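Examining the three-dimensional arrangement
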Amino acid sequence: MSRNREPFVSLLLYHAFKWSIVSPMLHAYFRGRIYGVENVPLTGPLVVVSNHASYFDPPIVSNCVRRPVAYMAKEELFDIPVLAQAIKLYGAYPVSRGSADRTAIRSALKYLEDGWAVGVFLQGTRTENGRITDPKRGAALLAAKAKAPILPVSLWGSEGILQKTKIPRAVPLTIRIGKLIDTPSSTDKQELETVTQQCAAAINALHDLGR
């Protein structure tokens, strides 16, 4: 694993933030329930795909899979000095919204080559009820190029965290981690679509289990 991507100081700060803020909030404030952690490979490249309903989802997913997960973040967030440093330490890298940002794709592949997990929200944007209705092929493409397996994750309840308020509400959260999905054998469009639909079906099935 590259020391440039995962220096000791960055990992130290990452875990300090995780254990001092993210994990206590998840377990004490949101009464988080986590299922399926035994399905997570602890080493090697991994594409983590999930539904998306809240700005809180990236640190929650990273906390639950018990290894650092790098996420794309809109480039505007990197213009805010303090926030930029914080999200960089938490594995974020910038992407231009509404465009096929090749730099972001290269960054994701570099993380995967260095043995990181990379997180991708399967629908690309937040949904009101947490279900996936229009999955994108980007996660399957990354997995195919990096020869990485795909881990489906469902977040249940996170859409209520900031509902009609700017203060996080103490809603109950349930995170379910599914079985690994095999690496796509090629970047053929039809195969990527098949794998993408498999991911969506797995996540929605986990989500349907509810609390």
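Scope of this entry: the structure provided in the associated data block. This one's a predicted model, so the numbers in the text were calculated from it and none came from an experiment.

This part is about the packing of aromatic side chains. The final tally for this structure, using the stated rule, is four aromatic pairs. Taken together, a centroid distance of 5.2 Å and an interplanar angle of 70° make the contact between Tyr29 and Phe30 edge-to-face. Residue class for Tyr29 comes out partly exposed when judged on its relative accessible area of 35%. Between Tyr71 and Phe121, the ring centres sit 5.1 Å apart and the planes meet at 25°, which makes this aromatic pair stacked. With Tyr71 in strand E3 (residues 69-74) and Phe121 in strand E5 (residues 117-121), this pair connects stretches of sequence that are 50 residues apart. Phe121 shares its class with Tyr71; the two are buried. Each residue in the set Tyr29, Phe30 and Phe56 is aromatic and connected to the rest through ring pairs, giving one cluster.

So, about the pairing of strand E6 (residues 150-156). Burial runs high along E6: six of the seven residues are buried. Both strand E2 (residues 46-50) and E6 contribute to a ladder of four bridges, which runs parallel. Bridge pairing in E6 links Val47 to Ile150. Here four bridges tie E6 to strand E7 (residues 174-177), and the two strands are oriented antiparallel to one another. Considered in E7, the bridge of Val153 is made with Ile177.

About the thresholds
- Residues numbered from 1 in each chain as written.
- Predicted model: local features only at pLDDT ≥ 70, side-chain atom pairs only at ≥ 80, totals over all residues.
- Heavy atoms only, no water.
- Phe/Tyr/Trp six-rings, centres within 6.5 Å; stacked < 30°, edge-to-face > 60°.
- Buried < 20%, exposed > 50% of the residue type's maximum accessible area, 1.4 Å probe, protein only.
- Helix = DSSP H or I, 4+ residues; strand = E, 2+ residues; numbered from the N terminus.
- Pairing = 2+ DSSP bridges.

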